[in-house]
Amino acid sequence: MTNIVSMLNQTNPLLTLTQDCDIICQSCPNNQNGLCTSHEKAAAIDKRCLERYQMDFGDSISWNDLKALAYGKIIDRSQLISVCRNCEWHTLCFTK
């Protein structure tokens, strides 16, 4: 994940928000041949994020703009626990 975030920070690519496994999911143990074994849990977290961002799947946004939304709408408003409840990775967000 560190390598992916580093690449995103260096290149600031245009991202398309998807419900499927993507490059960010490539090393996740729940990614089984491109299918998420925790799809329902991940979809619920994605839905809560998208509601706060006022975006939908299929929308495109730059990496830097997506990070700004995450900080402005979730992290800086102390909404991380509410949005990412039941996510085993949320502690990474608190430390980064």
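Numbering of residues starts from 1 in every chain and runs along the sequence as written. Totals for whole chains, interfaces and linings use every residue, but because this is a predicted model, local features are given only for residues with pLDDT of at least 70 and side-chain atom pairs only at 80 or more, for both listing and counting. With hydrogens and water set aside, each side-chain value is computed from the structure's full complement of heavy atoms.

(A) The arrangement of the overall build of the chain in detail. Per the secondary structure count, the chain includes five helices and four strands. Secondary structure elements follow DSSP: runs of H or I no shorter than four residues count as helices, runs of E no shorter than two count as strands, and numbering proceeds from the N terminus. Listing the helices and strands of the chain from first to last along the sequence gives α-β-β-β-α-β-α-α-α. Each radius of gyration reported is based on C-alpha atoms, and the globular scaling rule is 2.2 Å times the count of residues to the power 0.38. Since a compact globule built from 96 residues should have a radius of gyration of about 12 Å, the 13 Å found for the chain is in line with a globular shape. With respect to the principal axes defined by its C-alpha atoms, the chain has extents near 35 × 30 × 25 Å. When a residue's accessible area, from a 1.4 Å probe over protein chains only, is under 20% of the maximum for its type it is buried; when over 50% it is exposed; and in between it is partly exposed. Counting over 96 residues, the chain shows a buried share of 25%.

(B) Summary view of the state of the cysteines. Counting rule for disulfides: a pair of cysteine sulfur atoms within 2.5 Å. What the rule picks out here adds up to zero disulfides. Here Cys 87 stays free of any disulfide, with the sulfur of Cys 84 as its closest cysteine sulfur at 5.7 Å. Under the relative-accessibility criterion, Cys 87 is labelled buried at 16%.

(C) Structural detail: the packing of helix H2 (residues 39-53) against helix H3 (residues 63-75). Following both chains from N to C, one finds H2 and H3 inclined at 90°, their axes separated by 10 Å at the closest point. When the interaxial angle is binned, H2 and H3 end up roughly perpendicular. Here Cys 49, Arg 52 and Tyr 53 of H2 lie close against H3, whose contacting residues are Leu 66, Leu 69, Ala 70, Lys 73 and Ile 74. Residues belonging to the contact of H2 with H3 are distributed by class as follows: six nonpolar, no polar and two charged. Fitted lines through C-alpha atoms serve as axes, helices being fitted only where they are in contact, and the angles separating the N-to-C directions of these axes extend from 0 to 180 degrees. An angle counts as roughly parallel when it lies under 35 degrees, as roughly antiparallel when it exceeds 145, as roughly perpendicular when it falls between 65 and 115, and as oblique in every other case. Note on definitions: a residue-residue contact is assigned when non-hydrogen atoms from the two residues lie within 4.5 Å. Residues are grouped as follows: nonpolar covers Ala, Val, Leu, Ile, Met, Phe, Trp, Tyr, Cys and Pro; charged covers Asp, Glu, Lys and Arg; every other residue, Gly included, is treated as polar.

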